[in-house]
Amino acid sequence: MADKDDRPVCKYGEKCYRTNAAHLSQFKHAQKLQQEQEKQPKMQKRKSTETTESPVKKKTKIDDFFQKVSPPTSTGGQQAQKNTTIEDFIKKPDVCKTTAKEEKDDDEAVTAVEEASSKSEVTASHGNSSGYIRPADSDNQDKNEPLVKDDKTECTDETTSTGTLQDAAQTEMDPKQSIKEKFLVEMPADFYDLWTLCKKVKPLKPESAFANSGGLKLVGPYDVLAGKCKPCIENRKYLIHWRYYYDPPEFLTVLKGDDQSMFHIGYFRDDPKEMPAFVASNSAAKDCIITPRGENIFAAIAWHLTEQNKHTKSKEVEKLLQQVKDFAAEHNYNLDLKTQSMKERNKRVVCKTFHGAGLVVPVDENDVGYRPVPETPGDLKKLFKKINDSKSEAERNKSLDELQEIVTLVQFANDECDYGEGLELGLDLFSYGGSELHSFIKMLLPIGYRLTGRTEYEQIIVEHLKNRRKTAELSQISTSGFRPIQC
């Protein structure tokens with residue numbers, strides 16, 4: 001007999017968890033799920049029958065579950081308050097009842113979220129004959145416009161979906177834990193010591209201690225110490241908070257310079273569970289090069305102020321530079337641009353990478369953990385350039401064939417536990433830039449970080465690729481009405 005059921009099929013299929021009558025009558029489900037849902041009333045009826053037929057030694061009363069407390073009485077012997085009854089424990093708010101209309105609205109909301117999410121996914125077509133993955137048009141990673149204003153969340157005093165006022169109090173009590181939760185890494189001692197110095201230089205606004213004389217502003221994790229972060233901002237937003245276009249997950253910006261060059265300074269660490277290997281700088285408007293500037297934040301600032309003073313000959317800059325040097329000496333911070341620990345780290349670098357900071361991955365005594373990409377850096381750059389600059393689909397597909405062959409070799413390397421090759425190729429693609437390369441980055445870096453146990457970096461790169469743009473407007477929070485906190 002033909003199926004005369006003309007109801008639309010539920011989009012969730014066998015995974016649908018909805019059991020209310022309104023939803024079941026409106027949508028058709030897979031046969032297996034339909035049978036399971038139709039069995040529920042029968043099973044409940046069977047259990048009810050079994051319970052009725054089972055012998056019961058003693059009939060339990062509902063009052064047995066509630067202890068009646070003898071209330072205090074007044075001097076006249078009258079009862080001061082009534083005994084606790086079953087009605088006192090039962091609440092009947094109308095808002096708890098789910099209507100068919102609300103269920104339908106919920107379906108529509110889920111659909112809207114799925115459709116919005118699908119726009120950020122990559123499509124599975126690349127021309128008529130190629131099966132390459134390409135980013136959707138909504139990525140627009142290379143546009144120079146700032147992020148949309150909605151990304152800067154305005155906070156209120158009301159409870160939000162990502163936190164409560166109690167969370168805000170916890171943030172003030174434990175800023176170190178708050179930074180780790182938001183940025184997925186722990187900050188070193190020199191990070192907090194710099195904040196101590198800035199409070200001495202500019203007590204009312206420590207984050208701007210170097211703004212006038214040094215042209216630097218404390219940002220990123222320092223916004224937590226400055227009291228600018230509230231629980232109404234989703235934690236995923238902090239993963240891209242002041243994350244510049246060429247910043248790989250290993251690099252975390254803490255100082256920003258001028259917007260024109262997009263100069264910034266940050267910590268670079270090989271593993272998210274370890275402390276930073278060094279502090280470095282980058283000018284995102286120029287290129288992807290990450291240049292080490294010492295093993296701590298004071299060395300990097302001292303270098304920057306020294307370079308600036310060569311051009312300005314400013315007494316204010318000289319005074320600020322001396323304060324940095326004195327504080328660093330007092331706290332035993334090395335101001336050398338290349339220290340012994342940095343040299344030791346360089347010995348563990350398995351490849352240079354396009355950004356110049358190098359890649360460090362675990363390699364065992366049998367050299368398992370890394371194998372080089374089977375192309376020279378120069379050849380890779382030529383290939384990436386041809387893909388980005390192709391004038392026709394046929395020309396681009398030809399270049400993508402070459403890249404796909406290299407990606408296939410990476411998959412073989414992953415099968416044999418040489419995870420470093422995929423990270424190297426993924427980071428080179430990321431450092432070169434270009435929206436045409438983003439689909440390959442998505443295939444390589446998240447899985448590479450996951451296989452090496454660096455899942456924090458996996459979260460960061462996924463979020464960054466969704467919001468990657470060449471702009472200096474990178475703050476994800478509103479900065480009005482905040483005050484510094486103690487740490």
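Calculation rules
- Residues numbered from 1 in each chain as written.
- Predicted model: local features only at pLDDT ≥ 70, side-chain atom pairs only at ≥ 80, totals over all residues.
- Heavy atoms only, no water.
- Helix = DSSP H or I, 4+ residues; strand = E, 2+ residues; numbered from the N terminus.
- Areas by Shrake-Rupley, 256 points an atom, 1.4 Å probe, with all protein chains shown as cover.
- Phe/Tyr/Trp six-rings, centres within 6.5 Å; stacked < 30°, edge-to-face > 60°.
- Buried < 20%, exposed > 50% of the residue type's maximum accessible area, 1.4 Å probe, protein only.
- pLDDT = per-residue confidence, 0-100.
- Contact = heavy atoms within 4.5 Å.
- Axes fitted to C-alpha atoms, helices over the stretch in contact; angles between N-to-C directions.
- Parallel < 35°, antiparallel > 145°, perpendicular 65-115°, else oblique.
- Left-handed = near helix turned anticlockwise from the far one by under 90°.
- Salt bridge = Lys/Arg side-chain N within 4 Å of Asp/Glu carboxyl O.
- Pairing = 2+ DSSP bridges.
- Expected span 1.5 Å × (residues − 1).
- Core = buried A, V, L, I, M, F, W, Y, C linked by side-chain atoms within 4.5 Å.
- Polar contact = N/O pair within 3.5 Å; in protein donor to acceptor, adjacent residues only side chain to side chain.

**Brief notes about the overall build of the protein**
Counting its secondary structure elements, the protein contains 17 helices and seven strands. Carbon and sulfur atoms provide 50% of the accessible area of the protein, an area that totals close to 28,000 Å².

**Thoughts on the packing of aromatic side chains**
Enumeration according to the criterion identifies 14 aromatic pairs in this entry. Centroid distance phenylalanine 298 to tyrosine 333: 5.0 Å. Interplanar angle 25°. Geometry classified as stacked. Residue phenylalanine 298 is located in helix α10 (residues 297-312), and its partner tyrosine 333 is located in the loop between α11 (315-330) and α12 (340-347); the two are separated by 35 residues in the primary sequence. Judged by its relative accessible area of 0%, phenylalanine 298 falls in the buried class.

**A word on the confidence of the model for the protein**
The share of residues in the protein with pLDDT of 70 or more is 65%, and the mean pLDDT across the chain is 77. Contacts from residues 479-487, a stretch scored under 50 in pLDDT, to residues over four places away or in other chains number 30 contacts.

**A closer look at the packing of helix α15 (residues 420-432) against helix α16 (residues 438-451)**
For the pair α15 and α16, interaxial distance at closest approach is 8 Å and the crossing angle is 135°. With respect to their mutual orientation, α15 and α16 come out oblique. In terms of crossing hand, the pair formed by α15 and α16 is left-handed. Contact residues: α15 offers Gly422, Leu423, Leu425, Gly426, Leu427, Leu429 and Phe430, while α16 offers Phe440, Ile441, Leu444, Leu445, Gly448 and Tyr449.

**Thoughts on the pattern of salt bridges**
Scanning the entire structure with this criterion turns up 18 salt bridges. Residue lysine 273 pairs with glutamate 456 through a salt bridge whose shortest N-O separation is 3.3 Å. Here lysine 273 is found in the loop between β5 (263-268) and β6 (278-283), whereas its partner glutamate 456 is found in helix α17 (residues 455-466), with 183 residues between them in sequence. By relative accessible area, glutamate 456 is classed as buried at 15%.

**Things to note about the pairing of β6**
Of all six residues making up β6, five are buried, and the element is well covered by its neighbours. Pairing of β5 with β6, which is carried by six bridges, proceeds in the antiparallel orientation. The partner of phenylalanine 263 across the bridge, within β6, is serine 283.

**Quick word on the sheet that holds strand β7 (residues 291-292)**
Across the sheet, which stays open at both edges, the five strands sit in the order β3-β4-β5-β6-β7 with antiparallel pairing between neighbours. At either end of the open sheet lies a strand with only one pairing partner, and these are β3 (217-218) and β7. Across the sheet, α10 is in contact with β4 (251-256), β5 and β6; its angle to β5 comes to roughly 160°.

**So, α15**
End to end, α15 covers 18 Å across 13 residues, agreeing with the expected 18 Å (1.5 Å per residue, within 8%). Burial runs high along α15: 12 of the 13 residues are buried. Of the residues making up α15, those classed as buried are Gly420, Glu421, Gly422, Leu423, Glu424, Leu425, Gly426, Leu427, Asp428, Leu429, Phe430 and Ser431. Those residues of α15 that are buried lie in contact with α13 (377-389), α14 (393-415), α16 and α17. The first or second residue beyond α15 is glycine 433, which carries a positive phi of 80°.

**Examining the nonpolar core**
Counting residues in hydrophobic clusters, the biggest one holds 44 residues, and the most contacted among them are Met187, Phe191, Leu194, Phe210, Ile297 and Phe298. Looking at this core, the elements with two or more residues in it are α5 (175-183), α6 (189-201), α8 (222-225), β4, β5, α10 and α11. Broken down by element, this core gets its largest block of residues, seven residues, from α10. Excluding anything up to four places from it in sequence, phenylalanine 191 contacts Ile179, Pro221, Tyr222, Leu225, Val254 and Tyr267.

**A word on the side chain of histidine 304**
Within the element layout of this structure, histidine 304 appears in helix α10. A polar atom in the side chain of histidine 304 sits 2.9 Å from the backbone oxygen of glycine 214. Filtering out sequence-adjacent residues up to four positions away, histidine 304 remains in contact with Gly214, Leu216 and Phe263.

**A look at the side chain of aspartate 418**
Its location among the elements puts aspartate 418 in the loop between α14 and α15. Residue aspartate 418 is classed as buried on the basis of its relative accessible area, which comes to 8%. Those residues in contact with aspartate 418 that lie beyond four places of it in its chain are Asp367, Val368, Gly369, Tyr370, Arg371 and Ala413.

**Re the pairing of β4**
Most of β4 sits inside the fold, with six of its six residues counted as buried. Note: β3 against β4, two bridges, orientation antiparallel. Directly across from leucine 218, in β4, lies its bridge partner leucine 255. Taking the residues that link successive antiparallel strands as the turn, the β4-β5 hairpin has six residues, and the phi of methionine 262 there is positive, at about 55°.

**Points about the environment of asparagine 388**
Within the secondary structure, asparagine 388 sits in helix α13. In this structure the C-alpha to C-alpha distance between asparagine 388 and tyrosine 432, which are 44 residues apart in sequence, comes to 10.0 Å. Dropping the residues within four chain positions of it, asparagine 388 is found in contact with Tyr432, Gly433, Gly434, Glu436 and Leu437. Within the structure, the side chain of asparagine 388 is placed 3.1 Å from the backbone oxygen of glycine 433, a separation counted as a polar contact.

**Examining the packing of α6 against α10**
Axis separation between α6 and α10 bottoms out at 9 Å; the angle between their running directions is 55°. Comparing the axis directions of α6 and α10 gives the class oblique. Facing Asp190, Asp193, Leu194 and Leu197 of α6, the residues of α10 in contact are Ile297, Phe298 and Ile301.

**A short note on the environment of lysine 470**
Structurally, the position occupied by lysine 470 is in the segment after α17. On the basis of relative accessible area, lysine 470 is assigned to the partly exposed category, the value being 28%. Each C-alpha atom of the pair lysine 470 and tyrosine 246 lies 8.7 Å from the other, and the pair is 224 residues apart in sequence.

**Considering unusual backbone geometry**
Although it is not a glycine, threonine 353 sits at a positive phi angle of roughly 70°. Looking at the secondary structure, you find threonine 353 in the loop between α12 and α13.

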